[in-house]
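# Structure at a glance
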Amino acid sequence: MKVLVPVKRVIDYNVKVRVKADGSGVDLANVKMSMNPFDEIAVEEAIRLKEAGKADEIVVVSIGVKQSQETLRTALAMGADRAILVVAAEDVHTDIEPLAVAKILAKVVEEEKPDIVLAGKQAIDNDMNATGQMLAALLGWSQGTFASELNIEGDNAVVTREVDGGLQTIKVSMPTIVTVDLRLNEPRYASLPNIMKAKKKPLDEKTAADYGVDTAPRLEIVKTEEPAARAAGIIVGSVDELVEKLKEAGAV
Amino acid sequence: MAVLLLAEVNNGELAMDATAKAVTAAKALGDVTVLAAGASAAAAGEAAAKIDGVSKVLVAEDPSLGHRLAESTAALIVSLADDYEHIVAPATTDAKNVMPRVAALLDVMVISDASGVVDANTFERPIYAGNAVQTVKSSDAKKVVTFRTSTFDAAGEGGSASVETVSAADNPGLSEWVEDKVAESDRPELTSAGVVVSGGRGVGSEEDFALIEKLADKLGAAVGASRAAVDSGYAPNDWQVGQTGKVVAPDLYIAVGISGAIQHLAGMKDSKIIVAINKDEEAPIFQVADFGLVADLFEAVPALTEKL
Ligand SMILES: Cc1cc2nc3c(=O)[nH]c(=O)nc-3n(C[C@H](O)[C@H](O)[C@H](O)COP(=O)(O)OP(=O)(O)OC[C@H]3O[C@@H](n4cnc5c(N)ncnc54)[C@H](O)[C@@H]3O)c2cc1C
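Summary of the structure given here. All values derive from a computational prediction rather than experimental measurement.

## Things to note about the sheet that holds strand β18 (residues 291-294) of chain B
With parallel pairing, 6 strands are arranged side by side in an open sheet as β13(A)-β18(B)-β17(B)-β16(B)-β14(B)-β15(B). Across the chains shown, the open sheet's two edge strands, defined by having one partner strand only, are β13 (234-236) of chain A together with β15 (222-225) of chain B. Averaged over all neighbouring strand pairs, the angle between strand axes comes to 20 degrees, with direction disregarded. Pairing of β13 of chain A with β18 of chain B, which is carried by 3 bridges, proceeds in the parallel orientation.

## Some points on the site of the ligand
In the region of the ligand, 30 residues are neighbours, and R201, S226, S259, Q263 and N278 of chain B sit closest. Lying at an intersection of chains, the ligand is approached by residues of chains A and B. The protein chains hide 86% of the 990 Å² of surface that the ligand would expose on its own. Of all the secondary-structure elements, those providing two or more residues to the shell around the ligand are α1 (37-51) of chain A together with α6 (227-231), α7 (262-265) and α8 (297-307) of chain B. In terms of residue class, the shell around the ligand is made up of 12 nonpolar, 13 polar and 5 charged.

## Re α1 of chain A
Residues and elements named next belong to chain A. An ideal rise of 1.5 Å per residue puts 21 Å on 15 residues; α1 measures up with 21 Å between its terminal C-alpha atoms. Within the sequence span of α1, burial applies to F38, D39, I41, A42, V43, E44, E45, A46, I47 and L49. Once α1 finishes, G53 follows within two positions and takes phi at roughly 80 degrees, a positive value.

## Notes on the pairing of strand β5 (residues 54-61) of chain B
Residues and elements named next belong to chain B. Across 7 bridges, strand β4 (residues 31-38) lies against β5 in parallel orientation. Bridged to V34 within β5 is V57. This β-α-β element, β4 to helix α2 (residues 42-48) to β5, shows right-handed connectivity. Bridge count for β5 against strand β12 (residues 162-166) is 5 bridges, and the pairing is parallel. Residue pairing in the sheet places A60 in a bridge with V166 of β12.

## Remarks on the sheet that holds strand β1 (residues 2-6) of chain B
All names here are of chain B. Taken in spatial order, the 7 strands make up an open sheet running β7-β11-β6-β1-β4-β5-β12, and their pairing is parallel. On the outer flanks of this sheet lie β7 (110-114) and β12, each paired with one strand and no other. This sheet shows a mean twist of 25 degrees between the axes of neighbouring strands, independent of strand direction. Bridge count between β1 and β4: 5 bridges; the pairing is parallel.

## What to know about a nonpolar patch on the surface
Where nonpolar side chains cluster on the molecular surface, the patch consists of L192, I195 and M196 of chain A and spans about 290 Å² of accessible area. Tracing the backbone shows L192 of chain A in helix α5 (residues 192-198).

## Quick word on the packing of aromatic side chains
All names here are of chain B. As enumerated under the stated definition, the model contains 3 aromatic pairs over all chains in all. The interplanar angle of 55 degrees and the centroid separation of 6.4 Å between the aromatic rings of F123 and F147 together place this pair among those described as tilted. With a gap of 24 residues between them, F123 in strand β9 (residues 122-127) and F147 in strand β11 (residues 143-147) connect regions that are remote in the sequence. The exposure classification of F123 matches that of F147, with both residues buried. Three or more aromatic residues joined by ring pairs form one cluster here, namely F123, F147 and F152.

Parameters and conventions
Residues numbered from 1 in each chain as written. Chains lettered and ligands numbered in written order. Predicted model: local features only at pLDDT ≥ 70, side-chain atom pairs only at ≥ 80, totals over all residues. Heavy atoms only, no water. Pairing = 2+ DSSP bridges. Helix = DSSP H or I, 4+ residues; strand = E, 2+ residues; numbered from the N terminus. Axes fitted to C-alpha atoms, helices over the stretch in contact; angles between N-to-C directions. Near = heavy atom within 4 Å. Areas by Shrake-Rupley, 256 points an atom, 1.4 Å probe, with all protein chains shown as cover. Nonpolar A, V, L, I, M, F, W, Y, C, P; charged D, E, K, R; others polar. Expected span 1.5 Å × (residues − 1). Buried < 20%, exposed > 50% of the residue type's maximum accessible area, 1.4 Å probe, protein only. Right-handed = clockwise from strand over helix to strand, strands pointing away. Patch = residues over 30% accessible without salt bridge, like charges linked within 9 Å, V, L, I, M, F, W, Y side chains within 5 Å. Salt bridge = Lys/Arg side-chain N within 4 Å of Asp/Glu carboxyl O. Phe/Tyr/Trp six-rings, centres within 6.5 Å; stacked < 30°, edge-to-face > 60°.

In structure tokens:
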């Protein structure tokens with residue numbers, strides 16, 4: 001079984017985001033960038049499938065700026081076999097929309113013919129939660145989103161999904177797209193020897209044009225602003241004072 | 001201009017709060033037709049017909065539409081799409097599963113989790129865990145949008161829309177439902193509750209989460225949790241509040257033993273009054289709290305429960 005894992009380079013989840021004063025977006029120059037945390041979980045799951053003897057090859061792919069190479073090297077150091085970089089933007093501030101990403105991924109899938117695509121459920125920058133579902137639509141494949149458990153059973157994948165009401169388990173026919181949630185696994189760190197080895201693993205470089213996909217955005221970004229700030233609060237000295245304040249505010 | 005709104009239907013019942021909030025957002029865009037789809041959906045359709053501002057209800061009943069499987073639900077919506085310029089839904093996990101699939105089948109971008117409607121093509125939405133709000137203008141012929149329910153008031157009841165039935169599209173037969181694990185609870189629903197009490201890693205164990213639940217029950221509140229509390233097994237996944245959990249904006253939110261990571265704040269910082277109880281005075285949660293109490297939760301929470 002072959003697994004394809006798309007990974008995205010995003011601002012590190014620990015970095016405090018700064019909105020640019022001119023409203024043009026979020027400042028990404030000179031900030032720490034990392035692999036989208038959900039994608040790390042997808043890479044980890046693919047490696048576990050390989051370690052369990054269920055997968056034999058893991059291909060990782062990233063679509064974005066050239067620097068996404070670093071993200072791919074991280075995935076290779078974790079244990080992926082091979083990487084494809086699709087350069088689709090020059091400026092680190094350009095975010096390729098999920099629809100365009102899904103179209104490029106659909107072409108990669110045509111070439112690579114994976115049995116399963118494991119993707120993060122959302123990217124922590126644009127918070128769209130869309131690429132996996134869109135890719136499934138374009139390929140006419142099944143989808144198992146927000147997975148907290150995944151079992152491959154013959155020609156099917158059994159996926160337990162985190163949903164508003166609790167957990168839902170579905171069985172989807174392969175090939176399929178599974179998008180992963182936080183509780184699927186805890187991703188490993190790459191060891192130093194594996195980081196060294198990853199430098200020699202194959203990394204193919206392509207462009208969006210190679211796949212004939214138009215990445216022009218459908219959504220024009222009119223402006224990006226800071227959210228409304230909350231008024232400063234107070235520290236109360238005791239439970240009694242808290243109860244009093246809540247009563248005064250009409251909250252209880 | 002016409003809007004098709006996918007109603008939130010769970011096991012044949014309309015989730016009134018989420019659906020009525022999305023109706024409020026959708027009314028600004030045009031004439032609203034609600035689609036109630038499911039293995040059984042007639043009762044949900046009747047309920048949706050009573051929401052103010054709904055002009056028509058379509059009911060699609062078919063076994064393939066049970067459990068809101070994405071493939072069959074998306075196929076149904078696409079089969080109806082010709083008549084509408086907007087296709088919208090409340091941003092529930094069901095809709096987040098289905099709507100991007102619908103958008104891609106129609107070759108348009110999806111606009112997820114919109115928190116504001118500027119005009120028929122232009123929407124506001126939070127990005128970077130709510131650290132920024134982006135205004136986006138769509139150039140697509142059809143707009144596929146999910147609405148963040150916590151930022152819209154529910155439309156009232158009193159309408160009497162006409163109800164029609166429509167048939168399901170061909171079932172692509174790619175997926176089947178196996179089981180649901182849903183905890184029954186008498187507490188209010190997290191996303192519509194007026195008061196939410198949430199516990200974090202500081203609570204320390206599943207047993208001690210009872211402290212949080214007792215306080216919640218005293219206040220008639222829903223119970224929430226941080227990711228750390230869910231990951232540690234103190235609380236079920238559907239209690240998680242945050243960037244990747246539920247987004248809530250109750251009148252009162254009480255955060256207990258929660259540090260206030262940005263991913264947690266993303267799900268609760270629009271609450272009207274925020275109370276934080278934490279033994280660490282440096283905890284970032286105090287920066288968004290209206291009333292902060294620096295205390296050991298094991299003393300403060302039972303005392304608070306008693307005194308309220
Ligand atoms: C991609 C991604 C998505 C995420 N999504 C979410 C999300 O949706 N929701 C979410 O909540 N998190 C999310 N997180 C996790 C988030 O970053 C934090 O790790 C998490 O919110 C921490 O939970 P916590 O505050 O309960 O735990 P901690 O940060 O460990 O804080 C525990 C707090 O309890 C206090 N405490 C301990 N003992 C006591 C006591 N006896 N009395 C009083 N106070 C006490 C401590 O002082 C501390 O402040 C996400 C992270 C990532 C990377």
